[in-house]
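Residue-level structural notes
Chain by chain, the residues run as shown.
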Amino acid sequence: MQDERSSVREALRSDLPAAHLGLGVTVTALIVVASFSGPRWVFVVGGAFGAWFLLALAVIHIGSGRGWDAVRRAYIATFGWANWI
């Protein structure tokens, strides 16, 4: 059971380069959305990502993260989904 959990944990792990890619994909998608529908949806989607980042930062800060480590972990939690594209 422990080996199975560790393999699942390893498969779901994200890192900083994947987070950078996720941020790039998000910015590109926001530019495309802005060109088709105007700034309203850009603010909605950008605000959702901003809220998710702030929520992740608050949770990590409450836990054990401090300083730049907390910011880095929240950044990876927000944009680390690019591992799966």
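Above this note sits the structure.
The rules behind these values
Residues numbered from 1 in each chain as written. Predicted model: local features only at pLDDT ≥ 70, side-chain atom pairs only at ≥ 80, totals over all residues. Heavy atoms only, no water. Axes fitted to C-alpha atoms, helices over the stretch in contact; angles between N-to-C directions. Helix = DSSP H or I, 4+ residues; strand = E, 2+ residues; numbered from the N terminus. Parallel < 35°, antiparallel > 145°, perpendicular 65-115°, else oblique. Contact = heavy atoms within 4.5 Å. Nonpolar A, V, L, I, M, F, W, Y, C, P; charged D, E, K, R; others polar. Buried < 20%, exposed > 50% of the residue type's maximum accessible area, 1.4 Å probe, protein only. Phe/Tyr/Trp six-rings, centres within 6.5 Å; stacked < 30°, edge-to-face > 60°. Expected span 1.5 Å × (residues − 1).

On to the packing of helix H2 (residues 16-37) against helix H3 (residues 39-63), then. The interhelical angle for the contact between H2 and H3, taken along N-to-C directions, is 155 degrees, at an axis separation of 7 Å. What the angle tells us is that H2 and H3 run roughly antiparallel. Every residue of H3 that contacts H2 at Thr-26, Leu-30, Val-33, Ala-34 and Ser-37 is listed here: Pro-39, Trp-41, Val-42, Val-45, Gly-46 and Phe-49. Taken together, the residues that form the contact of H2 with H3 break down as eight nonpolar, three polar and no charged.

Here we come to the side chain of Thr-26. Within the secondary structure, Thr-26 sits in helix H2. A residue is classified by how much of its surface remains accessible, and Thr-26, at 8% relative accessible area, is buried.

Moving on: the packing of aromatic side chains. Aromatic ring pairs are reported here in terms of the distance separating the ring centres and the angle at which the planes meet. Taken as a whole and judged by the stated rule, the model has two aromatic pairs. On the basis of an interplanar angle of 10 degrees and a centroid distance of 5.6 Å, the ring pair of Phe-49 and Phe-79 is categorised as stacked. Here the residue Phe-49 occupies a position in helix H3, and Phe-79 occupies one in helix H4 (residues 67-79), the gap between them amounting to 30 residues. An aromatic cluster is defined as three or more aromatic residues linked by ring pairs; in this entry it consists of Phe-49, Tyr-75 and Phe-79.

What follows covers H4. Each full turn of the α-helix corresponds to 3.6 residues, which orients residues three or four apart in the same direction. Helix length check: H4, at 13 residues, gives a terminal C-alpha distance of 19 Å against a target of 18 Å (1.5 Å per residue), a fit within 8%. Of the positions making up H4, those classed as buried are Ala-70, Ala-74, Tyr-75, Ile-76, Thr-78 and Phe-79. Where H4 is buried, its residues meet H2 and H3.

Below, the discussion takes up H3. For H3, built from 25 residues, the straight-helix expectation of 36 Å at 1.5 Å per residue is met to within 8% by its first-to-last C-alpha distance of 36 Å. For H3, the set of buried residues is Val-42, Ala-56 and Ile-60. Each element contacted by the buried residues of H3 is listed here: H2 and H4.

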